[in-house]
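If you want the building blocks of each chain, they are given just below.
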Amino acid sequence: MSGTKHLIFRARRKDNNQWAYGDRVHLIDGTVCLRTWCDQDRNNLISIDEDTLGMSTGLDDCVGNVIFEGDILIILDPDSEKIGYNTDVRYLVCWDNTS
């Protein structure tokens, strides 16, 4: 996802439980879908599980994967082995609209 930063969303598809990526679309009946731009689903509306919907943060992790709202990040402490126990910390990514 390097290069152009585009606001994208990710959610699980209802038909096969696979991750789908695209633009969030609100239909007139209140349903939320994703409009995809993948070759196999070019500009199709995908029915999604709204509980899994997350927006990209615009940031990548240390191996280049896009970080989405709802992801769990693990911060590895390189000194944990020296003190004899694992001190890795887990963080849940969420939006803070207060600032």
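Residues numbered from 1 in each chain as written. Predicted model: local features only at pLDDT ≥ 70, side-chain atom pairs only at ≥ 80, totals over all residues. Heavy atoms only, no water.

**Q** Residues and numbers for the sheet that holds strand β1 (residues 9-12), please.
**A** Read from one edge to the other, the open sheet built from six strands follows the order β4-β3-β2-β1-β5-β6, with strand pairing classed as antiparallel. The strands lining the two open edges of the sheet, one partner per strand, are β4 (45-47) and β6 (66-68). Adjacent strand axes in the sheet meet at a mean angle of 55 degrees when their direction is disregarded. Relative to strand β3 (residues 32-35), strand β2 (residues 19-26) is paired through four bridges, and the arrangement is antiparallel. Note on β3: the bridge partner recorded for H26 is V32. (Pairing = 2+ DSSP bridges. Helix = DSSP H or I, 4+ residues; strand = E, 2+ residues; numbered from the N terminus. Axes fitted to C-alpha atoms, helices over the stretch in contact; angles between N-to-C directions.)

**Q** Would you mind going over the nonpolar core in detail, with residue names and values included?
**A** One finds F9, A11, A20, V32, L34, I46, I48 and M55 forming the largest nonpolar core, which totals eight residues. Breaking this core down by element, the ones donating at least two residues are β1 and β3. Setting aside residues up to four positions removed in sequence, A20 forms contacts with F9, R10, A11, R13, L34 and I46. (Core = buried A, V, L, I, M, F, W, Y, C linked by side-chain atoms within 4.5 Å. Buried < 20%, exposed > 50% of the residue type's maximum accessible area, 1.4 Å probe, protein only. Contact = heavy atoms within 4.5 Å.)

**Q** Let's hear about the environment of L73: which residues, and what values?
**A** You can see L73 is positioned in strand β7 (residues 72-75). Leaving out residues up to four positions away in the same chain, L73 has contacts with I67, V89, R90, Y91 and V93.

**Q** Which residues make up the packing of aromatic side chains, and what values do they have?
**A** Counted according to the given criterion, the structure contains one aromatic pair. Taken together, a centroid distance of 5.8 Å and an interplanar angle of 50 degrees make the contact between Y21 and F68 tilted. Of this pair, Y21 sits in strand β2 while F68 sits in strand β6, and the two are 47 residues apart along the sequence. Since its relative accessible area comes to 33%, Y21 is described here as partly exposed. A cation over an aromatic ring shows up here: R10 above the ring of W19, its NZ or CZ 4.2 Å from the ring centre. (Phe/Tyr/Trp six-rings, centres within 6.5 Å; stacked < 30°, edge-to-face > 60°. Lys NZ or Arg CZ within 6 Å of the ring centre and 35° of its normal.)

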